[in-house]
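# Examining the three-dimensional arrangement
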Amino acid sequence: DDTSVSAVRTTLGLGSLAVLSGTIVDIQDLTSGTGATYTKASNATSLWIRCWGGGGAGGAADTNARIGGGGGAGGYVEHIITGASATYTYTIGAGGTGGAGTGGNGGATTFSGGTMSAGGGTGGTVNGGSGAGGTSSGGTVALAGGAGGIGGIDTTSALGQGGGTTLASGAPHNGPGGSGYIGV
């Protein structure tokens with residue numbers, strides 16, 4: 001079903017943005033792909049692209065009295081492309097990998113229209129240091145991801161905090177980072 005742009009603007013609190021007019025003909029969530037191709041709907045005249053970078057993994061804890069630092073969240077970038085081309089290349093940033101040491105960094109999510117990039121967050125460190133949020137570039141809105149939580153002392157467990165964008169529980173040593181995402 002096509003959705004009225006006016007109804008979407010009202011729901012999102014966007015008022016009467018002149019660039020958003022007409023009818024929404026397609027909404028897609030891109031959750032995987034490296035060097036993949038996005039093909040726009042044939043009757044679409046513009047695209048609203050939103051990208052999130054992968055989150056960094058949480059850092060490990062080396063004793064039962066410590067908690068590893070959380071990984072940083074991936075960055076965010078958005079852009080409206082008018083006069084859209086037929087195809088674009090994109091890559092979804094993977095979440096950082098957990099392990100017994102510092103959490104892995106999240107990957108960048110990129111979209112070729114407007115050369116958009118939402119950087120991945122960095123991994124948290126062993127016993128407490130938080131990962132930094134990813135940076136972003138190439139859009140009309142480009143925001144850095146938030147830093148992960150700082151670890152500390154916990155006498156009941158030895159789990160690292162989850163990565164910056166994940167809701168999953170920690171692995172035996174630390175939590176994985178959340179994967180990136182593109183909304184079109």
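In short, a report on the structure. Everything quoted here is computed from the prediction, not taken from an experiment. (Residues numbered from 1 in each chain as written. Predicted model: local features only at pLDDT ≥ 70, side-chain atom pairs only at ≥ 80, totals over all residues. Heavy atoms only, no water.)

## Thoughts on the overall build of the chain
Scanning the chain from terminus to terminus reveals one helix and 12 strands. Counting helices and strands in the order they occur from the N terminus, the chain gives β-α-β-β-β-β-β-β-β-β-β-β-β. Sorting the 184 residues of the chain into buried and exposed places 40% on the buried side. Of the contacts formed within the chain by residues at least 6 apart in sequence, a portion of 67% connects residues at least 24 apart. (Helix = DSSP H or I, 4+ residues; strand = E, 2+ residues; numbered from the N terminus. Buried < 20%, exposed > 50% of the residue type's maximum accessible area, 1.4 Å probe, protein only. Contact = heavy atoms within 4.5 Å.)

## A short note on the pairing of strand E4 (residues 36-39)
Residues of E4 alternate between two faces, with Ala 36 and Tyr 38 buried on one and Thr 37 and Thr 39 left unburied on the opposite face. Here E4 runs beside strand E7 (residues 87-91); their pairing, made up of four bridges, is antiparallel. By the bridge assignment, Tyr 38 is partnered in E7 with Tyr 88. (Pairing = 2+ DSSP bridges.)

## Quick look at the packing of aromatic side chains
Overall, the coordinates contain three aromatic pairs when judged by the stated rule. Three or more aromatic residues joined by ring pairs form one cluster here, namely Tyr 38, Tyr 88 and Phe 111. Looking at Arg 50, its charged tip hangs above the ring of Trp 48, at a distance of 5.1 Å from the centre. (Phe/Tyr/Trp six-rings, centres within 6.5 Å; stacked < 30°, edge-to-face > 60°. Lys NZ or Arg CZ within 6 Å of the ring centre and 35° of its normal.)

## So, the side chain of Ser 136
Within the element layout of this structure, Ser 136 appears in strand E10 (residues 136-137). Polar side-chain contacts of Ser 136 include one of 3.0 Å to the backbone nitrogen of Tyr 76. Those residues in contact with Ser 136 that lie beyond four places of it in its chain are Gly 75, Tyr 76, Val 77, Ser 117, Ala 118, Gly 119, Ala 142 and Leu 143. (Polar contact = N/O pair within 3.5 Å; in protein donor to acceptor, adjacent residues only side chain to side chain.)

## Here we look at the sheet that holds E7
Across the sheet, five strands lie side by side as E4-E7-E8-E9-E10; this open sheet has antiparallel pairing. Here the strands that pair on one side only, and so sit at the sheet edges, are E4 and E10. Bridging between E7 and strand E8 (residues 109-111) involves two bridges; their strand directions are antiparallel. Paired with Tyr 90 across the bridge in E8 is Phe 111.

## Structural notes on the pairing of strand E6 (residues 76-82)
Among the seven residues of E6, five are classified as buried, and the element is accordingly described as predominantly covered. Across seven bridges, strand E5 (residues 46-52) lies against E6 in antiparallel orientation. Each residue of the ladder has a partner; that of Arg 50, found in E6, is Glu 78. Note: E6 against strand E11 (residues 141-143), three bridges, orientation antiparallel. Each bridged residue has a counterpart across the sheet, and for Tyr 76 the counterpart in E11 is Leu 143.

## Structural notes on the environment of Ile 80
The topology assignment puts Ile 80 in strand E6. For Ile 80, a relative accessible area of 25% puts it in the partly exposed group. For the pair Ile 80 and Arg 50, spaced 30 residues apart in the sequence, the C-alpha separation amounts to 8.8 Å.

## Re the environment of Gly 129
Within the secondary structure layout, Gly 129 lies in the loop between strand E9 (116-118) and E10. Gly 129 sits in the partly exposed class, given a relative accessible area of 29%.

## Focus on the side chain of Glu 78
Summarising the element assignment, Glu 78 is placed in strand E6. Despite its burial, Glu 78 pairs with no opposite charge, the nearest such side chain being Arg 50 at 6.0 Å. A polar contact of 2.3 Å, which involves the side chain of Glu 78, links it to the side chain of Tyr 76. Not counting residues within four places of it along the chain, the set of residues in contact with Glu 78 comprises Trp 48, Ile 49, Arg 50, Met 116, Gly 139, Thr 140 and Val 141. (Lys, Arg positive; Asp, Glu negative; His and termini not counted. Salt bridge = Lys/Arg side-chain N within 4 Å of Asp/Glu carboxyl O.)

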